[in-house]
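Tertiary structure, described
Read off the chains here:
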Amino acid sequence: MSRHNAGSLRSAKAAALHYGSGDAAPVVVASGMGYMAEKIVETAQKNGVPVYEDNSLATMLTQLKLGQEIPEELYRAIVEIYVYFLKFDPNAKPEAPVKPQVTPDGGTII
């Protein structure tokens, strides 16, 4: 077993979506729990595909059939993830924490 303990591996869930220009909505292209979920995440990471963690959403997506479009009820959640990934830069370095500076009169500026 890899870095997960047996309990967390059994409860792990993952789904992969694809949204093509001809699709009316994103489509589930991979889905699984446990070992299969771990493999889905590993495959995404090996191929430079960013991974978004949301256990509740993963639970809902793993209940859909492969090739099924996501239902309208999930559009908002999926759009928020796509927007997050549009801003995602895998090469960005984390910003250094900002140190507050004290002004001569004792005030603090950030």
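Residues numbered from 1 in each chain as written. Predicted model: local features only at pLDDT ≥ 70, side-chain atom pairs only at ≥ 80, totals over all residues. Heavy atoms only, no water.

Quick look at helix 3 (residues 55–62) now. Listed in full, the buried residues belonging to helix 3 are Leu57, Ala58, Leu61 and Thr62. The buried residues of helix 3 occupy one face: seen down the axis, they fall within an arc of 130 degrees. Taken together, the buried residues of helix 3 touch strand 1 (13–18), strand 2 (27–33) and helix 4 (75–86). For helix 3, the N-terminal cap is Asp54; the gap from its side-chain oxygen to the backbone nitrogen of Ser56 is 3.1 Å. (Buried < 20%, exposed > 50% of the residue type's maximum accessible area, 1.4 Å probe, protein only. Helix = DSSP H or I, 4+ residues; strand = E, 2+ residues; numbered from the N terminus. Arc of directions from axis to C-beta. Contact = heavy atoms within 4.5 Å. Polar contact = N/O pair within 3.5 Å; in protein donor to acceptor, adjacent residues only side chain to side chain.)

Geometrically, a pair of aromatic rings is defined through the distance of the ring centres and the angle of the planes. This model, assessed by the stated rule, comprises four aromatic pairs. Pairing Tyr52 with Tyr84 gives two aromatic rings, centres 5.4 Å apart and planes at 70 degrees, and the pair type is edge-to-face. With Tyr52 in the loop between helix 2 (35–46) and helix 3 and Tyr84 in helix 4, the pair connects residues that are 32 residues apart, well separated along the chain. In this structure Tyr52 comes out as partly exposed when scored by relative accessible area, which is 38%. For the pair Tyr52 and Phe85, a centre-to-centre distance of 6.2 Å together with 85 degrees between the ring planes defines the contact as edge-to-face. Placement of Tyr52 in the loop between helix 2 and helix 3 and of Phe85 in helix 4 is noted, with a sequence separation of 33 residues between them. Within the aromatic cluster, the residues linked to one another by ring pairs are Tyr52, Tyr84 and Phe85. (Phe/Tyr/Trp six-rings, centres within 6.5 Å; stacked < 30°, edge-to-face > 60°.)

Moving on: the confidence of the model for the protein chain. Averaged over the protein chain, the pLDDT score is 80; the fraction of residues at 70 or greater is 71%. For the protein chain, per-element mean pLDDT is lowest for strand 4 (residues 108–109), which scores 46, and highest for strand 2, which scores 94. Per-residue pLDDT stays below 50 along residues 1–7; that stretch engages in six contacts with residues further than four places along the chain or on separate chains. (pLDDT = per-residue confidence, 0-100.)

Structurally, the position occupied by Leu66 is in the loop between helix 3 and helix 4. Residues Leu66 and Ala16, spaced 50 residues apart in sequence, show a C-alpha to C-alpha distance of 9.7 Å. For Leu66, the residues in contact, after removing those within four places along its chain, are Val28, Val29, Ala30 and Ser31.

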